[in-house]
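Read off the chains here:
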Amino acid sequence: MPKKLTLQDHVAGVLSHNRQVTARTITMIESALPAHRRMAQAIINDIIPHAGKAIRVGISGVPGVGKSTFIETLGMMLVEKGHQVAVLAVDPSSSRSGGSILGDKTRMEKLSLHPNAFIRPSPSSGTLGGVAQRTRETMIVCEAAGYDVVLVETVGVGQSETAVASMVDLFLVLMLAGAGDDLQGIKKGILEIADVIAINKADGDNIERAQAAKKDYENALSLMNPETPTWSVPVLTCSAKTMDGIEDVWNRILDHRRKFMETGELAETRRRQDVAWMRSLVEQELKDRFFNNPDVKQRWPEMVRAVENGTISPTLAAEKLLSLECEVRPSP
Amino acid sequence: MSFSAETDQIQREIDAFFQARGRRPRLLIGMPVGGNGRRRMNEAATRFARHGFDVDISPAHAAPRQLARMAMENDVHLVGLLSDGDAAIELTGALGDLSRGDIGIIVCARRTPEADGNGPEIPRIDPDDADDVLRLLKEVMTTCPKN
Ligand SMILES: Nc1nc2c(ncn2[C@@H]2O[C@H](COP(=O)(O)OP(=O)(O)OP(=O)(O)O)[C@@H](O)[C@H]2O)c(=O)[nH]1
Ligand SMILES: [Mg+2]
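The structure contained in this document is the topic of the report that follows. (Residues numbered from 1 in each chain as written. Chains lettered and ligands numbered in written order. Predicted model: local features only at pLDDT ≥ 70, side-chain atom pairs only at ≥ 80, totals over all residues. Heavy atoms only, no water.)

Between chain A and chain B, the residue contacts involve 35 residues of the former and 36 residues of the latter. Between chain A and chain B, roughly 2,900 Å² of surface is buried when both sides are summed, and carbon and sulfur atoms account for 54% of that area. The three residues of chain A that bury the most area against chain B are A:I101, A:K105 and A:L113, which together make up 18% of that side's buried surface. Our count for the contact surface shared by chain A and chain B stands at two salt bridges. Salt-bridge contacts for A:R19 lead to B:E73; the nearest nitrogen and oxygen are separated by 2.6 Å. On the surface where chain A and chain B come into contact, there are 16 residue pairs in polar contact (both at pLDDT 80 or more). (Contact = heavy atoms within 4.5 Å. Buried area = accessible area lost by both parts, 1.4 Å probe. Salt bridge = Lys/Arg side-chain N within 4 Å of Asp/Glu carboxyl O. Polar contact = N/O pair within 3.5 Å; in protein donor to acceptor, adjacent residues only side chain to side chain.)

What follows is the structure, given as structure tokens:
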């Protein structure tokens, strides 16, 4: 039976690359219990000096574009080069009553068994903020445990993409050729967030269409102002199935890293992300404190009814509730 | 018991588990080498997820040693096999080797008269049978370590 782990056990286990302890540390991070949250924060504080050395890559795209298959192929290529690869997922399908089905490993048959890989699908319950928070902390744990490449898979829906973009060094967007989609609509937002675009499933009789799509995207991109003179977003084609072009995608990722390190933009990005992280921690904590306040919990239903009945204005109700948790100072 | 009363009771057990452990009961459904039935695997996964479990699915044809690693890495409470036999015995050993003998093993299948004679070690849990699921939840609640 595994014994209960102390803070020291967690820290020593993670730093010595112990798979079992690393896994159980992530469980602490995922837990909703306040005691576990406190333990997780203490662990993070101790290990964070050992984190930060990994290449952090976000991978996004519409459902079925081949993200998991791509990670299997790229991941296998990387572990064979000697990398240690961690794979995480952000899937904030919030507020469902049932549990989650975590099928990621079924598409990562080889990688999930490789000694240099660690794949941890996380249940999607909870708010996007919460899920993003956990993923960020899990990434720190994986880095401290020696993983030097972290791949974060997320579904291609606006908000979770933005959340993942705020914790990675580079954002890779996978696309499909000729899905008949309008170039203007979905792609505008994606183009703004992507650092590398790869058109997947460029195999068999799909190759020509992938080439055509590549031209389309390049044209669309040429109309946009690059965010930095250091980088213009490359559009590549690849096949997660045949491995064609996967190496090229990886080389572009390395190229991006090299350039952003030289200019100092990588360090700057991470500093900005750290500040945003701190901010979201504070916001989350304030929210939790407010909604867990017993007085707030008690008065909440009554206030809801009063607002519904129109006996109190929403603004006054909010003010009354807030005053239960925080001292409301009279405005100057 | 009516169907919905049983469902409510499962819901309550899951909630109690969540309150006590900070997460839902997590189950890895595995298909060992030689097994067949990706469809049965997905069906069992869907049923358990509907009851409120978090369910991982293993790649097809994972050796017991590989299933054990996955169970440890995802830190599940239970591994569900589609049939008993050698795989279950080997899995018990493999989990023990990883110091995770606390992870429970179940067989996701209907109880049959013959199977009942096979000894009590590996419980058979039919995900369509609410009593079975309740029995499992109570068991997990008492045996799984708290962290
Ligand atoms: N022909 C071809 N098929 C592919 C390729 N990549 C993935 N597929 C197939 O596309 C389907 C979806 O692949 P996944 O890897 O599960 O896609 P995903 O983007 O992770 O999907 P979600 O996680 O559901 O969002 C599977 O049937 C894959 O076999 C590829 O490069 N070429
Ligand atoms: Mg996927």
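On to the coordination of the magnesium ion (ligand 2), then. At 2.1 to 2.4 Å from the magnesium ion (ligand 2) lie its protein donor atoms, namely A:S68 (OG) and A:E153 (OE). Pair noted here: A:S68 is in helix 4 (residues 67–80) and A:E153 is in strand 5 (residues 149–155), with a separation of 85 residues, a long-range link. (Donors = N, O, S within 2.8 Å, 3.2 Å for Na, K, Ca; no water. Helix = DSSP H or I, 4+ residues; strand = E, 2+ residues; numbered from the N terminus.)

Our next topic: the pattern of salt bridges. Oppositely charged side chains can form a pair if their charged atoms are brought close together. Summed over the entire model, instances satisfying the criterion amount to 25 salt bridges over all chains. A:D169 is paired through a salt bridge with A:R257; the nearest N and O atoms lie 3.5 Å apart. Of this pair, A:D169 sits in the loop between helix 6 (158–165) and strand 6 (170–175) while A:R257 is found in helix 9 (residues 246–263), placing the two residues 88 residues apart along the sequence. The same class applies to A:D169 and to A:R257, which are both buried. Overlapping salt bridges, with partners in common, bring together A:E30, A:R120, B:R26 and B:D56 in one network. (Buried < 20%, exposed > 50% of the residue type's maximum accessible area, 1.4 Å probe, protein only.)

Attention shifts here to empty space enclosed by the protein. Residues and elements named next belong to chain A. According to the stated counting rule, one finds three cavities of 30 Å³ or more in the structure shown. Roughly 50 Å³ of volume is contained in the second largest cavity. Elements with a contribution of two residues or more to the lining of the second largest cavity: strand 1 (55–61) and helix 9. The class makeup of the residues in the lining of the second largest cavity is six nonpolar, one polar and three charged. (1 Å grid on protein atoms, 1.4 Å probe; cavity = no way out; pocket = protein on both sides within 12 Å on 5 of 7 lines; lining within 4 Å. Points joined across faces, edges and corners; volume = space filled by probe spheres on them. Nonpolar A, V, L, I, M, F, W, Y, C, P; charged D, E, K, R; others polar.)

Residues and elements named next belong to chain B. Buried residues dominate strand 1 (residues 26–30), accounting for five of its five residues. Residue alternation in strand 1 divides its side chains into two sets, R26, L28 and G30 and L27 and I29, and both sets are buried. Here strand 1 runs beside strand 2 (residues 54–57); their pairing, made up of four bridges, is parallel. Looking at strand 2, one finds that L28 is bridged to D56. (Pairing = 2+ DSSP bridges.)

Pairing is parallel across the open sheet formed by five strands, whose spatial order is 3(A)-2(B)-1(B)-3(B)-4(B). In this open sheet, the two strands that pair with only one neighbour each are strand 3 (101–102) of chain A together with strand 4 (104–107) of chain B. Of the strand pairs in this sheet, strand 1 of chain B and strand 3 (residues 78–81) of chain B are connected by four bridges, and their pairing is parallel. Bridging across to strand 3 of chain B, B:L28 finds its partner in B:V79. Set on the sheet, helix 2 (residues 38–51) of chain B makes contact with strand 3 of chain A together with strand 1, strand 2 and strand 4 of chain B; between it and strand 2 of chain B the angle comes to about 165°. With respect to the sheet, helix 3 (residues 64–73) of chain B is in contact with strand 1 and strand 3 of chain B, its orientation differing from that of strand 1 of chain B by roughly 160°. (Axes fitted to C-alpha atoms, helices over the stretch in contact; angles between N-to-C directions.)

Further remarks concern the packing of helix 1 (residues 7–15) of chain A against helix 2 (residues 19–30) of chain A. When two helices pack together, their arrangement is given by the angle between their axes and by how far apart the axes lie. Residue and element names in this part refer to chain A. Two numbers describe how helix 1 lies on helix 2: the axes approach to 8 Å, and their chain directions differ by 125°. The pairing of helix 1 with helix 2 is recorded here as oblique in orientation. Here helix 1 and helix 2 pass one another in a crossing that is left-handed. In this structure, helix 1 contributes D9, H10, G13 and V14 to the contact, and helix 2 contributes V21, T22, R24, T25 and M28. (Parallel < 35°, antiparallel > 145°, perpendicular 65-115°, else oblique. Left-handed = near helix turned anticlockwise from the far one by under 90°.)

The next thing to look at is the layout of surface pockets. Residue and element names in this part refer to chain A. Counted as a void, the second largest pocket has a volume near 810 Å³. The wall of the second largest pocket is formed by 30 residues, among which E192, I193, D195, E227 and T228 lie closest to the centre. Among the elements of the structure, helix 6, strand 6, helix 7 (185–193), helix 8 (207–222), helix 9 and helix 10 (265–292) are those that each provide at least two residues to the lining of the second largest pocket. In terms of residue count, helix 10 provides more of the lining of the second largest pocket than any other element does, six residues in total. Considering only residue class, the lining of the second largest pocket consists of 14 nonpolar, nine polar and seven charged.

Let's shift gears to a positive patch on the surface. Residues A:R107, A:K201, A:K241 and B:R38 make up a contiguous surface patch of positive charge. Topologically, A:R107 is positioned in the loop between strand 3 and strand 4 (117–120). The exposed category is assigned to A:R107, whose relative accessible area is 56%. (Patch = residues over 30% accessible without salt bridge, like charges linked within 9 Å, V, L, I, M, F, W, Y side chains within 5 Å. Areas by Shrake-Rupley, 256 points an atom, 1.4 Å probe, with all protein chains shown as cover. Lys, Arg positive; Asp, Glu negative; His and termini not counted. Charge placed at Lys NZ, Arg CZ, Asp CG, Glu CD.)

Below, the discussion takes up unusual backbone geometry. Phi is positive for A:H17, which is not a glycine, with a value near 65°. If you trace the backbone, A:H17 turns up in the loop between helix 1 and helix 2. We note that B:D75 has phi near 50°; this positive angle belongs to a residue other than glycine. With respect to the element layout, B:D75 can be found in the loop between helix 3 and strand 3.

With that out of the way, let us pick up the nonpolar core. All names here are of chain A. By size, the foremost hydrophobic cluster in this structure holds 48 residues, and its most contacted members are I47 and I199. In terms of residue count, helix 5 (residues 128–144) provides more of this core than any other element does, seven residues in total. Setting aside its immediate chain neighbours within four residues, I47 contacts V11, V14, L15, I140, V141 and A144. (Core = buried A, V, L, I, M, F, W, Y, C linked by side-chain atoms within 4.5 Å.)

With that settled, the discussion passes to a nonpolar patch on the surface. Where nonpolar side chains cluster on the molecular surface, the patch consists of A:V275, A:M278, A:V282 and A:L286 and spans about 390 Å² of accessible area. Looking at A:M278, the relative accessible area reads 53%, which means it is exposed.

Residues and elements named next belong to chain A. Around ligand 1 sit 16 residues, and of these K67, T69, R107, D203 and A240 come closest. Contacts to ligand 1 include K67, whose side-chain N or O atom sits 2.8 Å from an oxygen atom. Between an oxygen atom of ligand 1 and a side-chain N or O atom of S239, the distance comes to 3.3 Å. Bound to the protein, ligand 1 loses 73% of the 650 Å² it would expose on its own. Sorting elements by how many residues they give to the shell around ligand 1 places helix 4 first, with three residues. (Near = heavy atom within 4 Å.)

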